[in-house]
Amino acid sequence: MIPDLSAQAGIFGSAPSFFYTLALGLLIGSCASSTAGARFHCLLWIAVALCLELVQHRLIAEPLVAWLRERLSEPIWELVGPYWTRGTFDRLDLLASIIGGSIALLILTYRSGEKNHEK
Amino acid sequence: MKNNASRGLRNLALTCLYLLGFLGILASGGGDDEDEFDDLIISSIYSFRIGGPLEGGAGNSVIDIDRPGEFSLSTEPDLQGTVICDQNTEICELQTVDVGSMFITDLTVPAFLGNVNILVEDMWIYNPIGSDRPNTGVIRIDPQADGLADILVGVTDCDANSPGAEVQVIAVPALPNDCYSWDEFENLADNPGSSLVELQASFSWAAVSFIVDQGLDAGEVFPFIVDDLFAGGTSIFDSCEMFSGTWAGGPAVNPGGFTFDWLDDSGDNRVGPGDSFRQTFADCWFGDSIDGTLLNGGIDYVGYTQVIQNELLTRLGFEIAAPGSGKIGGVSFDSLVLTETIKANDIITTEPPLTLTGRYLIVFF
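Bear in mind the structure is a predicted one, so any value in this text is a computation, not a measurement.

**Remarks on the overall build of chain B**
Line of reasoning, step 1. For chain B, the count of helices and strands is four helices and 21 strands.
Line of reasoning, step 2. Among the 365 residues that make up chain B, the fraction classed as buried is 36%.
Line of reasoning, step 3. The long-range share in chain B, meaning contacts at least 24 apart out of those at least 6 apart in sequence, stands at 55%.

**Details of the overall build of chain A**
Line of reasoning, step 1. For chain A, the count of helices and strands is seven helices and zero strands.
Line of reasoning, step 2. Going from the N terminus to the C terminus, chain A shows its helices and strands as α-α-α-α-α-α-α.
Line of reasoning, step 3. A total of 119 residues make up chain A; the buried ones form 33% of that total.

**Quick notes on the environment of Ser43 of chain B**
Line of reasoning, step 1. With respect to the element layout, Ser43 of chain B can be found in the loop between β1 (41–42) and β2 (45–51).
Line of reasoning, step 2. Each C-alpha atom of the pair Ser43 of chain B and Cys85 of chain B lies 6.9 Å from the other, and the pair is 42 residues apart in sequence.

**With respect to the nonpolar core**
Side chains that are nonpolar tend, in soluble globular proteins, to be buried together.
Residue and element names in this part refer to chain B.
Line of reasoning, step 1. Within the largest apolar cluster, 78 residues are counted, with the highest numbers of intra-cluster contacts made by Ile118, Val153, Ala201 and Val208.
Line of reasoning, step 2. Considering each element in turn, this core owes the most residues, nine residues, to helix α3 (residues 196–219).
Line of reasoning, step 3. The two domains that each donate at least three residues to this core are domain 2 (44–52 + 76–220) and domain 3 (221–365).
Line of reasoning, step 4. Apart from the residues lying within four places of it in its own chain, the contact partners of Val208 are Phe103, Ile118 and Ile139.

**Quick notes on the packing of helix α2 (residues 15–31) of chain A against helix α3 (residues 35–54) of chain A**
All names here are of chain A.
Line of reasoning, step 1. Following both chains from N to C, one finds α2 and α3 inclined at 145°, their axes separated by 8 Å at the closest point. Between α2 and α3 the crossing geometry is right-handed. Residues Thr21, Leu24, Gly25, Ile28, Gly29 and Ser30 of α2 pack against Ala38, His41, Cys42, Trp45, Ile46 and Ala49 of α3.

**Observations concerning unusual backbone geometry**
Residues and elements named next belong to chain B.
Line of reasoning, step 1. The amide bond that connects Asn127 to the next residue, Pro128, takes the cis arrangement and shows omega of 0°.
Line of reasoning, step 2. As for its position among the elements, Pro128 is in the loop between β7 (116–125) and β8 (136–143).
Line of reasoning, step 3. Although it is not a glycine, Glu90 sits at a positive phi angle of roughly 60°.
Line of reasoning, step 4. Here Glu90 falls in the partly exposed class, since 16 other C-beta atoms lie within 10 Å of it.
Line of reasoning, step 5. Of note, the phi angle at Asn269 is positive, near 65°, even though the residue is not glycine.
Line of reasoning, step 6. One can find Asn269 in the loop between β13 (257–263) and β14 (276–287).
Line of reasoning, step 7. Residue Asn269 is classed as exposed on the basis of its C-beta count, with 12 C-beta atoms lying within 10 Å.

**Things to note about the pairing of strand β3 (residues 62–67) of chain B**
Residue and element names in this part refer to chain B.
Line of reasoning, step 1. Inspection of the sheet shows β3 paired to strand β20 (residues 354–360) by five bridges, in the antiparallel sense. Bridge pairing in β20 links Ile65 to Leu356.
Line of reasoning, step 2. The pairing of β3 with strand β4 (residues 71–85) spans five bridges and is antiparallel. By the bridge assignment, Ile63 is partnered in β4 with Thr75.
Line of reasoning, step 3. Between the antiparallel neighbours β3 and β4 lie three residues, among them Gly69 with a positive phi of about 85°.

**So, α2 of chain A**
Line of reasoning, step 1. With 17 residues, α2 of chain A extends 24 Å between its outermost C-alpha atoms, agreeing within 8% with the 24 Å of an ideal straight helix rising 1.5 Å per residue.
Line of reasoning, step 2. Looking at α2 of chain A, one finds that the buried residues are Ser17, Phe18, Tyr20, Thr21, Leu22, Leu24, Gly25, Leu26, Ile28, Gly29 and Cys31 of chain A.

**Let's talk about the environment of Leu216 of chain B**
Line of reasoning, step 1. Assignment of secondary structure puts Leu216 of chain B in helix α3.
Line of reasoning, step 2. For Leu216 of chain B, a count of 18 C-beta atoms within 10 Å corresponds to the partly exposed category.

**Considering the pairing of strand β5 (residues 92–97) of chain B**
Residues and elements named next belong to chain B.
Line of reasoning, step 1. The buried count for β5 comes to five of six residues, which makes it a mostly enclosed element.
Line of reasoning, step 2. Across five bridges, β4 lies against β5 in antiparallel orientation. The residue of β5 that forms the bridge with Cys85 is Cys92.
Line of reasoning, step 3. Here β4 hands over to β5 after six residues, with Glu90 in that stretch at a positive phi of 60°.
Line of reasoning, step 4. Pairing geometry for β5 and β7, over two bridges, is antiparallel. Residue pairing across strands places Thr96 opposite Ile125, the latter belonging to β7.

**What to know about the confidence of the model for chain A**
Line of reasoning, step 1. Confidence in the prediction for chain A averages 79 pLDDT; 77% of positions are at 70 or higher.
Line of reasoning, step 2. Contacts for the low-pLDDT stretch residues 1–9 of chain A, under 50 throughout, to residues beyond four places or in other chains number two contacts.

What counts and what doesn't
- Residues numbered from 1 in each chain as written.
- Chains lettered and ligands numbered in written order.
- Predicted model: local features only at pLDDT ≥ 70, side-chain atom pairs only at ≥ 80, totals over all residues.
- Helix = DSSP H or I, 4+ residues; strand = E, 2+ residues; numbered from the N terminus.
- Buried ≥ 20, exposed ≤ 12 C-beta atoms within 10 Å, placed from the backbone.
- Contact = placed C-beta atoms within 7 Å.
- Core = buried A, V, L, I, M, F, W, Y, C linked by C-beta atoms within 7 Å.
- Domains from an automatic or database assignment.
- Axes fitted to C-alpha atoms, helices over the stretch in contact; angles between N-to-C directions.
- Left-handed = near helix turned anticlockwise from the far one by under 90°.
- Pairing = 2+ DSSP bridges.
- Expected span 1.5 Å × (residues − 1).
- pLDDT = per-residue confidence, 0-100.

Listed below in structure tokens is the structure:
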């Protein structure tokens, strides 16, 4: 039986969050000078991604929008404002970011283990 | 020295990557893409909900209907159903009103009618689609006054000739003649000789039908928004239909018109989720010379919501106001005055005007 992938739009709609966290996690981790540093920066990146998703939650977004609108200049608000005014908090995006970031963390750990083994 | 330079480069690369990642997410606009609004299509069938709790603990949806000197009622609708839509014309027609829909109705004038709770107990089905009246359907009317039994009103076929052509009112004690043609049933509310049960039955059915109509009328503004017909401005003006009737009280301006204004509550300079709209009617006539409605006043549509999956609009409504706007999502009437025609003894006249106030939530999904 072939699964109906078109019916899974909710899951696949979170694919950008998954790949974005994974790719940036790998890039950031690979720029660190040590294995511990790679893990730290990858974890930090996951935390940043999760925070950015969480601030779309209505409870946070509402006061944040009121606060930012007064402080940001019009061109900057036009660029970043829609992230809160049009974006919606999505638990699947949150999950996708965690999974993507965890995979990046695993790859970085595995690669550093291989490097140590080669030495 | 070389190590220091290398470390500096790494730190610079890390900083750039963090910035890139951070700004990349913010600039994504929360997942929306300008291009995704280009080829939106509506679904061929939607469930809908009219009424229910408003956002942020603002209470329940309430619609107040007032006809001075005749009746005044306040109803809290929580109505579900389905519509069938033509994907080309984007016109949707009522298909069902679903079981479980209910209305807590407060009939303040005339007081002798008392308050009633109305529950849709058997699905209303409109067949063929676009019919004015359903072929099947039952409501249960629960009078809140002590000692009054429930009343069942159902679409039926009393003479076994034309399914759905008649309405039966089942009460305790039973009515002497409990079966009515549609016209007879609808006129019970205006007939001074009607019994209390007949008045409650006719009023209740009319209230449910009226709320359904108002909700579906509100749904007709979605194409203005989805297709962004504002042409770079913030206001659309359109003329209404030409009135060619002869009754006094017709539109002072013929044809009248309406404006549909966009309020960019989300502050992103484009028509979309979070925004509000206001429709203002000025002597706006819908219908032909013998059957129609004259509208004056305004309707506010606050907190547009829209969900798109693969270019398909999977959710449309007025539910959640933009954060920081200080508004409450939903459709609210700003003293909207409706004057409807009525045909009695082959003479067309108008009923006294109805004034609508209140706010309700509406969503198609």
